[in-house]
Amino acid sequence: RAVLVENRRSMLNIIKKNLAETVRMIDGEPKVNTLATDVLSLLARSARESFDIVFCDPPYDFRNPANIIEKLFDGGFVKEDGLIIYEASSKKSQEMPEPDKIRKYGDTSLLFYSYAGVNKK
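*Asks:* In this structure, what is going on with the overall build of the protein? I would like to understand it.
*Replies:* The helix and strand inventory of the protein stands at 4 helices and 6 strands. Overall, the protein shows an N-to-C arrangement of helices and strands of β-α-β-α-β-α-β-β-β-α. For the protein, contacts bridging at least 24 residues in sequence account for 61% of all contacts bridging at least 6. In the structure as shown, the protein presents an accessible area of about 8300 Å², 49% of it carried by carbon and sulfur atoms.

In structure tokens form, the structure reads like this:
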């Protein structure tokens, strides 16, 4: 099951439209929920469920991205054997916890964090 969090209504409408197209293409019902909220508001609450993989794609100028990584793990949003994949700019440095792995794709970097990796550093 996937949960998509987006605070801009216009983007959420595009996501829902794309999900509807996907359902038509695969002739099924994807297990996807959408939440119209700010991710920091969501992370301020207790996790209702934990996920194997969390993909974060915030704006590249997002302030305090390390806070998101910490809250995802500490708030129980990621399973202990789970993974956070955080998308960031390859050109602009931000203060982040040291990832377990980095993959660069042009202007984009994907930073991979495991629960064990973040808690051992």
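*Asks:* Just checking my understanding: could you explain the sheet that holds strand β3 (residues 51–56) for this structure?
*Replies:* Consider a sheet: its strands pair through backbone hydrogen bonds, and that pairing is either parallel or antiparallel. One open sheet holds the 4 strands; their spatial order is β3-β4-β6-β5, and the pairing between them is mixed. With partners counted over all chains shown, the strands left at the sheet margins are β3 and β5 (101–105), one partner each. The mean inter-strand angle of the sheet, taken between neighbouring strand axes irrespective of direction, is 15°. Strand contacts of helix α3 (residues 65–74): β3, β4 (78–89) and β6 (108–114), with the helix running at about 165° to β4, the strand carrying the most contacts.

*Asks:* Looking at this structure, I do not really get the nonpolar core. What am I missing?
*Replies:* Generally speaking, soluble globular proteins have nonpolar side chains that are buried together. Val54, Cys56, Ile69, Leu72, Ile84, Tyr86 and Tyr113 are the most contacted members of the largest nonpolar core, which has 18 residues in total. Among the secondary structure elements, those contributing two or more residues to this core are α2 (39–43), β3, α3, β4 and β6.

*Asks:* Help me out: how do you make sense of the pairing of β5 in this one?
*Replies:* In the case of a regular strand, side chains alternate between the two sheet surfaces. In this structure, β5 lies alongside β6, joined through 5 bridges in antiparallel fashion. Considered in β6, the bridge of Tyr105 is made with Thr108. Where β5 hands over to β6, the hairpin turn is made up of 2 residues, of which Gly106 adopts a positive phi near 65°.

Cut-off values and rules
Residues numbered from 1 in each chain as written. Predicted model: local features only at pLDDT ≥ 70, side-chain atom pairs only at ≥ 80, totals over all residues. Heavy atoms only, no water. Helix = DSSP H or I, 4+ residues; strand = E, 2+ residues; numbered from the N terminus. Contact = heavy atoms within 4.5 Å. Areas by Shrake-Rupley, 256 points an atom, 1.4 Å probe, with all protein chains shown as cover. Pairing = 2+ DSSP bridges. Axes fitted to C-alpha atoms, helices over the stretch in contact; angles between N-to-C directions. Core = buried A, V, L, I, M, F, W, Y, C linked by side-chain atoms within 4.5 Å. Buried < 20%, exposed > 50% of the residue type's maximum accessible area, 1.4 Å probe, protein only.

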